[in-house]
Amino acid sequence: MQRKYKIALLASAAALTLSTLTGCSSGSEQAEKVTELTVYSGRSEEFIAPFFAEWEAKSGIKLNIRYGDSAELAAQILEEGKNSPADLFLSQDAGSLGAVANEGLFITLPKDVAADIPAQYVAADRTWVGVTGRARVFAYSPDRVKTLPTSVTDLTKPEYKGKVGIAPTNASFQAFITALIQIKGEDVAKKWLEDIQKNDVKIYPKNSAIVEAIDKGEISFGLVNHYYVWEVSEALGRPVKAKIGFFAKGDVGNLTNVSGAGVFASSKKQAAAEELINFLTSRSTQDEFIEKTHEYSLIPGAKAPEDLPALSEIGAPSVDLESLKSIKATQDLLIEVGLL
C-alpha cells in the first residue's frame, strides 16, 4: 500500500537553518559547490520523497535517488564496494546499515551530526545513526479475536492455525528473526520458523498487505511494524478493521528497530551528506515524521505518535542494534526453511 503525502514546506519560523556547504567542508567541496548528491534509499519513495524534496528546496542541492529494499541495496553496496557512486545510504533497518559498516564502507560521523539522537540508536563507532524508531507489533482483528497472545511464540499454537500473516521478504521481518537468533539462538529461531509454517502461516509480500488481509477477514493476526494500521487507514480513507497489540514486556516480538543513515567513505561530498542527516534528525523534521508517517522520533522527550505508548514504554527486548547486521545468516536460514 503506497503512502501518499503532500509535499509541503515547513513554516519559516520552524525551518532548519542549513549550513553553507562550501568553505567549511572537505577540500573537494571547498573547491566546488556541491550541486548534487546520490542517495541509496531503502525507505520507499512514497514515504521519504516529501522530506527529500523539502531538503532540496532548502539546500539547493539536487538528490539523485535510487530506491529499493534495504537488504537488497545493502547487498548491492557490498558488491560495489569502494566504487559505489552513492554518497549516503538511508536504510529502513539497522541490520542493513551494520552489514555495510562492517565492511568499512562508512565514515565515522562527527559528534555534531545527529547530535540529539541517543547513543542507543547510534553505532558505537558512529558509522551510522538512527533517524526514526519503528516498533514491531502484532496487528489483529478486534471482531474475531478475544484473547491476545503474550509472546510471539504463542503464534505457533493450534488456536492460531491459519490465522497469522508474515512477510518473510521484508527487511523488518528479517531484522526480527536476526534478533530472535541473537537472543534465543539459531536452533530456537529455526524451530519457531518451522513451527509457524506447520501452523499454516499465510505469506504476504509486505506489511501493508498483511493489514489489508486482516481488514478483509482473510486472517486475524499479522506481524508488522507499528505504523502500518495507520498507514493503510490513511490510504483507504477510512478506519480499517484492525488494531495494534504489543506482546509482554521484553518479548522479542516487541523489537524496536530504527531507520538510519550512513555516509560513504568513498564519497567526495561527505559534508553535504552529513547536512542531509542533520536535516532528517532535526527536531522540526522529526515532528514531521511523527505527524506524516506515524513513526517514532528518536529525540528524547518527543511526543509519541497518536494513540501509541511512548517509545520507552513499549517493553522492547534488550537488543544491541549493531548485532542485527547478520542479515545474510538470517536470509540463509529463511532459505533453508523455505520462506525465501
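Overview of the structure.

1. Examining the pattern of salt bridges
- Under the criterion given, the structure shown has 10 salt bridges.
- Between Asp195 and Lys191 there is a salt bridge, with its nearest N and O atoms 2.6 Å apart. Taken together, the residues Asp195 and Lys191, both in helix H6 (residues 186-198) and 4 residues apart, mark about one turn of the helix.
- With a closest N to O distance of 2.7 Å, Arg238 and Asp215 form a salt bridge. Here the residue Arg238 occupies a position in the loop between helix H8 (228-236) and strand S8 (243-245), and Asp215 occupies one in helix H7 (residues 207-216), the gap between them amounting to 23 residues.
- A relative accessible area of 36% places Arg238 in the partly exposed class.
- Judged by its relative accessible area of 11%, Asp215 is buried.
- Look at the salt bridges and you will find they share partners, linking Arg43, Arg134 and Glu295 into a network.

2. Some words on empty space enclosed by the protein
- Evaluation of the coordinates by the stated rule reveals 2 cavities of 30 Å³ or more.
- The volume enclosed by the largest cavity comes to roughly 40 Å³.
- In terms of lining residues, the largest cavity is bounded by Gln92, Asp93, Arg134, Arg136, Ser172, Ala175, Phe176, Asn225, Leu255 and Asn257.
- Broken down by secondary-structure element, the contributors of at least two residues to the lining of the largest cavity are strand S4 (129-140) and helix H5 (171-184).
- Residue contributions to the lining of the largest cavity peak at 3 residues, all from H5.
- For the lining of the largest cavity, a count of residues per class yields 3 nonpolar, 4 polar and 3 charged.
- If you add up the space inside the second largest cavity, you get close to 30 Å³.
- Together, Arg43, Phe47, Ile48, Leu90, Val131, Thr132, Ser259, Leu280 and Phe289 line the second largest cavity.
- Mapped onto the lining of the second largest cavity, the elements with two or more residues apiece are helix H2 (45-59) and S4.

3. Considerations on the packing of aromatic side chains
- The full count for this structure, using the stated rule, is 11 aromatic pairs.
- A centroid spacing of 5.5 Å and a plane angle of 85° characterise the contact between Phe176 and Trp192, whose relative ring orientation is edge-to-face. Taken together, the residues span a long stretch of sequence, with Phe176 in helix H5 and Trp192 in helix H6 at a distance of 16 residues.
- For Phe176, a relative accessible area of 2% puts it in the buried group.
- Exposure remark for Trp192: the relative accessible area of 6% places this residue in the buried category.
- Above the face of the Phe47 ring, Arg43 is positioned so that its terminal group lies 4.0 Å from the ring centre.

4. Quick word on the pairing of S4
- For S4, the buried fraction is high: 12 of the 12 residues fall into the buried class.
- Pairing between S4 and strand S9 (residues 256-263): 6 bridges, direction antiparallel. Across the sheet, Ala135 pairs through a bridge with Thr256, a residue of S9.
- Note: S4 against strand S10 (residues 296-297), 2 bridges, orientation antiparallel. Following the sheet pairing, Thr132 is matched in S10 by Ser297.
- Two elements, S4 and strand S7 (residues 221-225), share 5 bridges in a ladder whose sense is antiparallel.

5. Examining the environment of Asp195
- Counting along the chain gives 39 residues from Asp195 to Thr156, while the straight-line C-alpha distance between them is 5.8 Å.
- A distance of 2.6 Å separates a polar atom in the side chain of Asp195 from a polar atom in the side chain of Lys191.

Rules used throughout
In this convention, every chain numbers its residues from 1, walking through the sequence in written order. At least 70 in pLDDT is required for a residue's local features to be given in this predicted model, at least 80 for side-chain atom pairs to be given and counted, and no such filter applies to totals for whole chains, interfaces and linings, which use all residues. Values reported for side chains reflect all heavy atoms of the structure, with hydrogen atoms and water molecules removed beforehand. Here, a salt bridge means any side-chain nitrogen of Lys or Arg that lies within 4 Å of a carboxyl oxygen of Asp or Glu. Each helix is a run of DSSP H or I of at least 4 residues and each strand a run of E of at least 2, with the numbering of both proceeding from the N terminus. Relative accessibility decides the category of a residue: with a 1.4 Å probe and only protein chains considered, values under 20% of the type maximum give buried, values over 50% give exposed, and everything between is partly exposed. The method works on a 1 Å grid over the protein atoms by themselves. A cavity is a set of points holding a 1.4 Å probe that cannot get out, a pocket is an open set with protein on both sides within 12 Å along at least five of seven lines, and residues with an atom within 4 Å of a point line them. Grid points are joined across faces, edges and corners, and a volume is the space filled by probe spheres set on the points. Polar here means any residue other than Ala, Val, Leu, Ile, Met, Phe, Trp, Tyr, Cys and Pro, which are nonpolar, and Asp, Glu, Lys and Arg, which are charged; Gly is therefore polar. The pairing test for Phe, Tyr and Trp rings, Trp by its six-membered ring, is centres within 6.5 Å, and the orientation test on the planes gives stacked under 30 degrees, edge-to-face over 60, and tilted for anything in between. Our definition puts a charge over a ring when NZ of Lys or CZ of Arg is within 6 Å of the ring centre and also within 35 degrees of the ring normal. Two strands make a pair as long as DSSP finds a minimum of two bridges between them. Each polar contact in these results corresponds to two N or O atoms within 3.5 Å; when the atoms are within protein, one needs to be able to donate a hydrogen and the other to accept it, and residues that are neighboring in sequence are counted only if both atoms are side-chain atoms.

That is the geometry; function is a separate question.
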